[in-house]
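# Reading the structure
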Amino acid sequence: MDALVLLLLDIRTQARLSVEDVHELLKNGGHFKGQLPARSTLYRKLSGVGLKNERRLVEAVIGVCVPDDRRTKALRDQANSLLRQAWSEDAEAEAPEPVMAPDDGGSMAELVRVQRELINVQAQLAAALQTAAEAEKESAQSRALVTMLLVFGALGRPEGSDTSTRTSEGPFRADSEMAQTELQAQLTTAKAERDETNRAAQRRPAETEDLLAAHAPDSAGPTDFPSSAPAGPPEWPTTRTDPVDRIALDEAPTRRTGRVAPNATAAPVEREAQHGAVSSLERQTHERVRTLEQDPELAEVMAEMVRLDPDGSRMGSVIDGAGRHLLDPVHTGRYLWSQLTKVERVGFGAAVHQRMQRELGLADGLLLDFTVAGHEVDVKFSLGNNWNFAPELQGGLCLVVRADDASGLWSIGLLRVRSELMRAGSNRDGKRGLSAQGRNAIHWIAHDLRLPDHALRRLPVDVVNAIFAKTSGQARIEELFLRAQLTPVTTADLSAVTMQADGVKRAREARRRLAEQGVLVLNGTRPLDIERALGLGLPVPAPSTWVSVRLAPAPPQQDGSPTIALNGNPWCVARPGDPKVALPAAALT
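Residues numbered from 1 in each chain as written. Predicted model: local features only at pLDDT ≥ 70, side-chain atom pairs only at ≥ 80, totals over all residues. Heavy atoms only, no water.

## Quick look at the overall build of the protein chain
What counts is decided by this rule: Only DSSP runs of H or I with at least four residues qualify as helices, and only runs of E with at least two residues qualify as strands; both kinds are numbered from the N terminus onward. Relative accessibility decides the category of a residue: with a 1.4 Å probe and only protein chains considered, values under 20% of the type maximum give buried, values over 50% give exposed, and everything between is partly exposed. A contact between two residues is defined here by any heavy atoms of the two lying within 4.5 Å. In these tables, accessible area is a Shrake-Rupley quantity obtained with a 1.4 Å probe, and a residue counts as shielded only by the protein chains included in the view.
Scanning the protein chain for helices and strands turns up 22 helices and 14 strands. Burial status across the protein chain gives 39% buried among its 589 residues. Counted over contacts in the protein chain with a minimum sequence separation of 6, partners at least 24 positions apart contribute 59%. Carbon together with sulfur atoms contributes 54% to the accessible area of the protein chain, which is approximately 32,700 Å² in total.

Right under this line is the structure:
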């Protein structure tokens, strides 16, 4: 049964589908006619609990994860073989074993001897525990004595004073030179430990700064901190930029989600030559160190969130999945968040909350939403740029999430909710939004990362209208592939265009029919299609994503354009003036 579980896990991993995505595809596909198991049940089944009785479920999961018919059949045969093997192993395990007559052979005497030895060991263990407790008590008394010695030493007591001359009312009395020597040795040891602790404390800021430098925003990623700091006393991190920092940022090589950091190992003179007397990055680094030292809980939660989702892909999938769930494209044909009703937009945060907890494996909090790195954290989601905080959240940690499908960007940050960061006004529930200072105080974990792309969101309005003007789902999906060439098409796009549960099946049919017009439909799950995309110099489509491109026979005079071989003849990406030529049958393999 373990082999079957690993097989299904490998299939889902290759398709890049979570259990929730599989459940959604099974529901939209109508495989069980109203008898589809719940998500929690599907989680248990796919982990192996009762899976050997679910042949139909296994075949359905393979069907929705694998678009290729031949590979689907081969995987189903392999899964059925593993199911039969599991049943045969269970039958052998349940076969009655012959009952043998008991033969003592001195085993009872051996058992009594072992039990006696066990009792002796338990007694020795109890004695050892008692000895350890007494030793700990004596150690505590010694530590208290050393502490008193340190206190008297700090008060300026002469080191050579005779402790034996003290009266019985003093804090302690040494009755012999041996006691004095022992106390002096303990004092020396305590001073050495104190000095070591002081050295460790002095090293801590440097180590913290090195740790931050290791995560410095020298490449694109969700761990980037804001690119500049406000004028005047710096507040880390911020989303404002002053004119000087903006100029420095524009002159540096940048990307959408990160920037190139200056050479932190250069000499001070060289760093000043790079960014002036004191660079913005250095100021921000010092502020980050200071903030982490002042609020270690915030630092631990930030580190844990980065560990759980280092590139932001998991949270991006969570937000996109919540939007798809609310849009319900199979039944509504909707593809934009702006098409949601007011009630659905209110429920967006709850959908993100649930999917975020399942995806990242976050535990429930006692008072707030989650427990992250041992600290309770609340979560606020917004389709805009502000959040409302209840009075009981004051002083607590809060993860703030925002997303916008119009720009295709999302962000997640961490905030210590404080009264001075809130606006003066409140609503009837006493909730208050962030002021400009509060928005600047957000510690961004991932800032303005891209949401998963969907073709219908990127196409012009007139093109989308032309696609939906077709009367049948098959015609609309073919029109989508014709008009959105070289644009990734997702399963959500297929569901919205067809308004049917069998969007993947219709995509396979469109692949066959469009080949007659010279259009090749590539799928990221098929290894051969991946090779063809690489051969044509095209971006490789992601799993469960389709990309269409029109091909034409390569001209005899090669101009260096990438080509692929179909039936032994070279084909290349068609130019606007090239005539339409049907693809050979090899293009459909």
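Read on, since the account is not over.
## Focus: the packing of helix 2 (residues 19–29) against helix 4 (residues 55–65)
When two helices pack together, you describe them by how their axes are tilted relative to each other and by the distance separating the axes. Formally: In this analysis an axis means a line fitted to C-alpha atoms, helices contributing only their contacting stretch, and an angle means the value between N-to-C directions, from 0 to 180 degrees. The cut-offs work like this: below 35 degrees is roughly parallel, past 145 is roughly antiparallel, 65 to 115 is roughly perpendicular, and the gaps in between are oblique. Gly is put with the polar residues, along with every residue not named as nonpolar or charged; the nonpolar set is Ala, Val, Leu, Ile, Met, Phe, Trp, Tyr, Cys and Pro, and the charged set is Asp, Glu, Lys and Arg.
Relative to each other, helix 2 and helix 4 sit at 100 degrees, their axes nearing to 10 Å. Classified by the angle between their axes, helix 2 and helix 4 sit roughly perpendicular to one another. Along the contact surface, helix 2 presents V22, L25 and L26, while helix 4 presents L57, A60, V61, V64 and C65. Residues that form the contact of helix 2 with helix 4 fall into these classes: 8 nonpolar, no polar and no charged.

## Considering unusual backbone geometry
Although it is not a glycine, S544 sits at a positive phi angle of roughly 60 degrees. Mapped onto the elements, S544 comes out in the loop between helix 22 (527–535) and strand 12 (546–553). Positioned with a positive phi, N567 is a non-glycine residue whose angle comes to about 55 degrees. You can see N567 is positioned in the loop between strand 13 (564–566) and strand 14 (569–573). You can call N567 exposed: its relative accessible area is 56%.

## Some remarks on the nonpolar core
The condition that has to hold: Within this scheme, the nonpolar core is defined by two criteria: the residues are buried Ala, Val, Leu, Ile, Met, Phe, Trp, Tyr or Cys, and they are joined through side-chain atoms within 4.5 Å.
Ranked by internal contacts, the top residues of the largest apolar core, which has 36 residues, are M356 and I412. Mapped by element, the contributors of at least two residues to this core are helix 11 (296–308), helix 12 (313–327), helix 15 (348–360), strand 4 (370–372), strand 5 (375–382), strand 7 (397–404), strand 8 (409–416) and strand 10 (443–450). Non-local contacts of I412, meaning those with residues more than four positions away in its chain, are made with M305, M315, M356, L399, V400, V401, W444, I445 and A446. Grouped together as the second largest cluster of nonpolar side chains are 26 residues, A15, L17, L42 and V66 included.

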